[in-house]
Amino acid sequence: MPHTLPRHPLLALFSVTVGAGATAAGALVLLAWPLGLSLLQPLLPWLGAMKVNTALSVVLLGLALCLMRGGAAAQRAGKVAVVIAAAVGIVTLIEYLLGRNLGIDQLLYTDGKTLAGEFPGRPSAATALAATLLSVDLFFADRRAHRSVFSGVALAATLIVWVALNGYLFGVRPLQGIAPYSVMSLPSAVLLLLLGLGVMAMEPLGWPARSIMSGDMGGLVSRWLLPTAFLAPPLLGWLFDRLRASGLIELEFSWSLYAVSSSLGSAGLILLLARHR
């Protein structure tokens, strides 16, 4: 049975803020497309343009993230939004599977910047899959049963996008040679990552939000270790990759430094936690 989502003040504020911000950013891209512009493109010309259908999905998911916090009427409107977003994602994935154009890639605007062989107007397969998974999670957000399963779906979508962001961090532009990510732009990856986090924050009784926000030792350890676990490895890898590229260290030595730094950082954080036990 549908139910009103439980509230945790900080998580509720975060999810609504993410939803509103994503909606605004996606709407900006939709408005800019007729002028031949795209989000961040003037500043970072090497980025692939955010596709119109990606921007549409971001707007719909952002709206749903805000609406699902409301009453029954708002939740119904939010479900309509996620059904449309899911339909766009599923049809896009079918296009890749069948190798055919089903007519939705340039339904809103014509993509004159992309070559015909590179699927003009079509989001990458990874973008479509992530948007579809987030849509599924949001559609069932008001169901008590299997909340952890659907939180896992949102986590899977977030990890898909995290791969793309790490690719940009290490200079793969725009993730060429990795077919599912070949046209996922940086703005798309950032917005979908935030939406994924917002969706997980929306259900504080689901996993992993329940574990992170708990008041016991597990919650404390999660809040201390998770940011480091996700951010430290790519940042250390990027640092040592830059040192290697500049000729200051050899490849093998960079991996040794990475291993030692990771071990020392993990040990130091564990000891710090033990001290504050």
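Rules used in this analysis
- Residues numbered from 1 in each chain as written.
- Predicted model: local features only at pLDDT ≥ 70, side-chain atom pairs only at ≥ 80, totals over all residues.
- Heavy atoms only, no water.
- Axes fitted to C-alpha atoms, helices over the stretch in contact; angles between N-to-C directions.
- Helix = DSSP H or I, 4+ residues; strand = E, 2+ residues; numbered from the N terminus.
- Parallel < 35°, antiparallel > 145°, perpendicular 65-115°, else oblique.
- Left-handed = near helix turned anticlockwise from the far one by under 90°.
- Contact = heavy atoms within 4.5 Å.
- Phe/Tyr/Trp six-rings, centres within 6.5 Å; stacked < 30°, edge-to-face > 60°.
- Buried < 20%, exposed > 50% of the residue type's maximum accessible area, 1.4 Å probe, protein only.
- Lys NZ or Arg CZ within 6 Å of the ring centre and 35° of its normal.
- Expected span 1.5 Å × (residues − 1).
- Core = buried A, V, L, I, M, F, W, Y, C linked by side-chain atoms within 4.5 Å.
- Salt bridge = Lys/Arg side-chain N within 4 Å of Asp/Glu carboxyl O.
- pLDDT = per-residue confidence, 0-100.
- Nonpolar A, V, L, I, M, F, W, Y, C, P; charged D, E, K, R; others polar.

Enquirer: Would you take a moment to explain the packing of helix α2 (residues 52-67) against helix α4 (residues 125-139) for this structure?
Expert: Each pair of packed helices can be described by the angle between their axes along with the distance between the axes. Axis separation between α2 and α4 bottoms out at 11 Å; the angle between their running directions is 20°. Between α2 and α4, the interaxial angle falls into the category roughly parallel. Viewed along their axes, α2 and α4 form a crossing whose handedness is left-handed. Contacts between α2 and α4 involve Thr54, Ser57, Leu61, Ala64 and Leu65 from the first element and Thr127, Ala131, Leu134, Ser135 and Leu138 from the second.

Enquirer: Can you walk me through the packing of aromatic side chains in this structure?
Expert: Here the distance between the centres and the angle between the planes together describe a pair of aromatic rings. This model, assessed by the stated rule, comprises two aromatic pairs. Here Phe139 and Phe140 contribute two aromatic rings whose centre-to-centre distance is 5.1 Å and whose plane-to-plane angle is 80°, an arrangement assigned as edge-to-face. Exposure remark for Phe139: the relative accessible area of 29% places this residue in the partly exposed category. When the ring of Trp162 is compared with that of Phe230, the centres are 6.1 Å apart and the planes differ by 80°; the resulting orientation is edge-to-face. Here Trp162 is found in helix α5 (residues 147-169), whereas its partner Phe230 is found in helix α8 (residues 217-245), with 68 residues between them in sequence. For Trp162, a relative accessible area of 24% corresponds to the partly exposed category. A residue is classified by how much of its surface remains accessible, and Phe230, at 36% relative accessible area, is partly exposed. Taking the ring centre of Phe139 as reference, the NZ or CZ of Lys79 above it sits at 4.7 Å. In this structure, Arg122 packs its charged tip against the face of Tyr96, placed 5.1 Å from the ring centre.

Enquirer: Would you mind going over the side chain of Thr23 with me for this structure?
Expert: Mapping Thr23 onto the fold places it in helix α1 (residues 9-32). You can call Thr23 buried: its relative accessible area is 15%. When residues no more than four places from it in sequence are discounted, the contact partners of Thr23 are Val59, Gly62 and Leu63.

Enquirer: What exactly am I supposed to notice about α2 here?
Expert: For an α-helix the count is 3.6 residues per turn, leaving residues at separations of three or four pointing the same way. Between its first and last C-alpha atoms α2 spans 22 Å; for 16 residues at 1.5 Å apiece the expected length is 22 Å, and the two agree. Counting buried residues in α2 gives twelve out of 16 residues, a clear majority hidden from the surface. Residues of α2 that are buried: Val52, Asn53, Thr54, Ala55, Ser57, Val58, Val59, Leu60, Leu61, Gly62, Ala64 and Leu65.

Enquirer: For this particular structure, what's the right way to read the environment of Gln75?
Expert: The topology assignment puts Gln75 in helix α3 (residues 72-98). Separated by 63 residues in sequence, Gln75 and Leu138 place their C-alpha atoms 9.9 Å apart.

Enquirer: When you look at the environment of Arg100 in this model, what are you seeing that I'm missing?
Expert: Here Arg100 shows up in the loop between α3 and α4. Those residues in contact with Arg100 that sit more than four places away from it in its chain are Glu95 and Arg122.

Enquirer: Where do I start with the nonpolar core in this structure?
Expert: In globular proteins that are soluble, nonpolar side chains generally tend to be buried together. Core analysis: the biggest nonpolar cluster contains 42 residues, and Leu61, Leu65, Leu134, Leu138, Leu192 and Leu195 have the highest contact counts within it. When contributions to this core are tallied by element, the ones reaching two or more residues are α1, α2, α3, α4, α5 and α6 (186-202). Ranked by residues supplied to this core, first place goes to α6 with nine residues. Those residues in contact with Leu192 that sit more than four places away from it in its chain are Val58, Leu61, Thr127, Ala130, Leu134 and Val161.

Enquirer: Teacher, can you tell me more about the pattern of salt bridges here?
Expert: Oppositely charged side chains can pair when the atoms bearing their charge come close. Scanning all chains against the criterion turns up four salt bridges. For Arg244, the salt bridge identified is with Asp241, shortest N-O distance 3.1 Å. With Arg244 and Asp241 both in helix α8 and three residues apart, the pair spans about one turn of that helix. Given a relative accessible area of 33%, Arg244 falls into the partly exposed group. Residue Asp241 is classed as buried on the basis of its relative accessible area, which comes to 18%.

Enquirer: Quick question: what am I supposed to make of the confidence of the model for the protein chain here?
Expert: Keep in mind that low pLDDT regions are not for reading the predicted coordinates in detail. Summarising the model, the protein chain shows a mean pLDDT of 78, and 75% of its residues fall at 70 or more. Residue range residues 43-48 is modelled with pLDDT below 50. Its contacts to residues more than four positions away, or to other chains, number eleven contacts.

Enquirer: Whenever I open this one, the packing of α2 against α3 confuses me. Can you help?
Expert: The contact between α2 and α3 brings their axes to 8 Å, and the two run at 155°. With respect to each other, α2 and α3 are oriented roughly antiparallel. The way α2 lies across α3 gives a crossing that is left-handed. Residues Asn53, Leu56, Ser57, Leu60, Leu61, Ala64 and Leu67 of α2 pack against Ala74, Gln75, Ala77, Gly78, Ala81, Val82, Ile84, Ala85 and Val88 of α3. When the residues that make up the contact of α2 with α3 are grouped by side-chain class, the tally is twelve nonpolar, four polar and no charged.

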